[in-house]
Amino acid sequence: MNRYAACLDFLAFRYSRSDGRYGRIDKWILHNEVDMGTSWTNMGAQHLNTYMHEYVKSLRICHDIARSYNPNAEVMASFTHNWMQRDDYCAKEMLDILLDYSRTEGDFHWGVALHPYPQSLSNPKTWNDSGATWSMNTKYITFKNLEVIDHWIKQPEHKFRNSEKRSLWLSENGANSPSYSDSDLANQAACAAWALYKVSQLDGIDAMQWHNWSDNPEEGVKIGLRTQDLDPKPAYYVYKAAYTSSQESVFAPYLPVIGVSSWPQIMRTVE
């Protein structure tokens, strides 16, 4: 633990300098997709309570050290789209436990870094995600039903000290183009337009980062905004146009791909 703290102390000092010599870190995402506890954040097969006991310690150590150098620092818990779908663990149950720790031991500035990929990472048609509903007990939170996590983050009992909304980033997400055919590229671009429009309408979501910039053949999916040869895909132009004066005209061709006549039609109310 001391070695872990020392490493964090070095990083927090280096990236909080007043002269900005090395850049700056304000948000610390810990670790990666913690609900996939035997793969990405692996401490072996553990009971959920044991696993969360260690994870909360990791969050709090980073929080306390980072804020000793930077009063605006915030730690963020990383989850997949498995909201109530249990592979190793599920995000909603882990967040409930994290809230319990915060109430019992004292709240601290943590946020949520969600990865709401489509239900199948190979299929960009997120609007067909059967396991993503507008219930708070949905199996998945994908681009289809971002209203659910927006609703969750804004509930008073989920806020920092019941008053301040916690940060919510969609910190890793994208859509696959199974091939470079016109139809596959159009479906990927339509998914990007769907996601970017929803984010613009949901004020509980603070940021969205697309993964990744270009296709990586080692990943097994083509989720980049560019091909592996760095040629822009249609999704690249969608991403570029988002929240600019060009958005309406660039997004419009993807309405019939999804099967709607206007973008407000994709918005839903949480049950």
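The rules behind these values
- Residues numbered from 1 in each chain as written.
- Predicted model: local features only at pLDDT ≥ 70, side-chain atom pairs only at ≥ 80, totals over all residues.
- Heavy atoms only, no water.
- Helix = DSSP H or I, 4+ residues; strand = E, 2+ residues; numbered from the N terminus.
- Rg over C-alpha atoms; globule rule 2.2 N^0.38 Å.
- Contact = heavy atoms within 4.5 Å.
- Areas by Shrake-Rupley, 256 points an atom, 1.4 Å probe, with all protein chains shown as cover.
- Phe/Tyr/Trp six-rings, centres within 6.5 Å; stacked < 30°, edge-to-face > 60°.
- Buried < 20%, exposed > 50% of the residue type's maximum accessible area, 1.4 Å probe, protein only.
- Pairing = 2+ DSSP bridges.
- Right-handed = clockwise from strand over helix to strand, strands pointing away.

Visitor: What exactly am I supposed to notice about the overall build of the protein chain here?
Guide: When its secondary structure is counted, the protein chain shows eight helices and five strands. Secondary structure of the protein chain in N-to-C order comes out as α-β-α-β-α-β-α-β-α-β-α-α-α. For 271 residues, the compact-globule estimate of 2.2 N^0.38 gives 18 Å, and the protein chain sits close to it at 19 Å. Viewed in the frame of its principal axes, the protein chain has a C-alpha envelope of about 55 × 45 × 35 Å. In the protein chain, the proportion of contacts linking residues at least 24 apart, taken out of those at least 6 apart, comes to 68%. For the protein chain, the exposed area adds up to about 12600 Å²; of that, 49% sits on carbon and sulfur atoms.

Visitor: Explain the packing of aromatic side chains to me, please; I cannot follow it from the model alone.
Guide: Tallied over the entire structure, the rule returns 10 aromatic pairs. Ring centres of Phe 143 and Trp 210 lie 6.3 Å apart, and the angle between their planes is 15 degrees; this geometry places the pair in the stacked category. Here Phe 143, found in the loop between β3 (110–114) and α4 (147–153), pairs with Trp 210, found in strand β5 (residues 207–210); they are 67 residues apart in sequence, far enough to count as distant. Across the pair, Trp 210 and Phe 143 agree in class, each one buried. Ring geometry for Trp 213 and Tyr 236: centres 5.8 Å apart, planes at 75 degrees, overall edge-to-face.

Visitor: Which parts of the structure should I look at to understand the environment of Met 94?
Guide: Residue placement: Met 94 occurs in helix α3 (residues 91–105). Met 94 sits in the buried class, given a relative accessible area of 0%. When the C-alpha atoms of Met 94 and Phe 79 are compared, they prove to be 9.3 Å apart, with 15 residues separating the residues in sequence. If near-sequence neighbours (up to four positions away) are discounted, Met 94 is found in contact with Val 34, Asp 35, Leu 48, Tyr 51, Met 52, Phe 79 and Tyr 89.

Visitor: Is there a simple way to explain the pairing of β5 in this structure?
Guide: Both faces of the sheet carry side chains from a regular strand, because those side chains alternate between them. Relative to β5, strand β4 (residues 168–173) runs parallel, the two being bridged by three bridges. Bridge pairing links Trp 169 to Ala 207 in β5. In this fold, the crossover linking β4 to β5 by way of helix α5 (residues 182–201) has right-handed handedness.

Visitor: I tried to follow the environment of His 63 on my own but got confused; where do I start?
Guide: Tracing the backbone through its elements, the reader meets His 63 in helix α2 (residues 48–69). When its relative accessible area of 9% is taken as the criterion, His 63 is described as buried. Once residues lying within four places of it in the same chain are set aside, the contact partners of His 63 are Val 75, Phe 108 and His 109.

Visitor: Teacher, can you tell me more about the side chain of Glu 74 here?
Guide: Tracing the sequence through the fold places Glu 74 in strand β2 (residues 74–79). Residue Glu 74 is classed as buried on the basis of its relative accessible area of 8%. Ignoring anything within four residues of it in the chain, the contact list for Glu 74 reads Asp 26, Lys 27, Trp 28, His 109, Trp 110, Gly 111, Arg 166 and Ser 167.

Visitor: Where do I start with the pairing of β4 in this structure?
Guide: Pairing of β3 with β4 involves three bridges; the strand directions are parallel. In the strand pairing of β4, Ala 113 is matched with Trp 169. Each parallel crossover has a hand, and for β3 linked through α4 to β4 it is right-handed.

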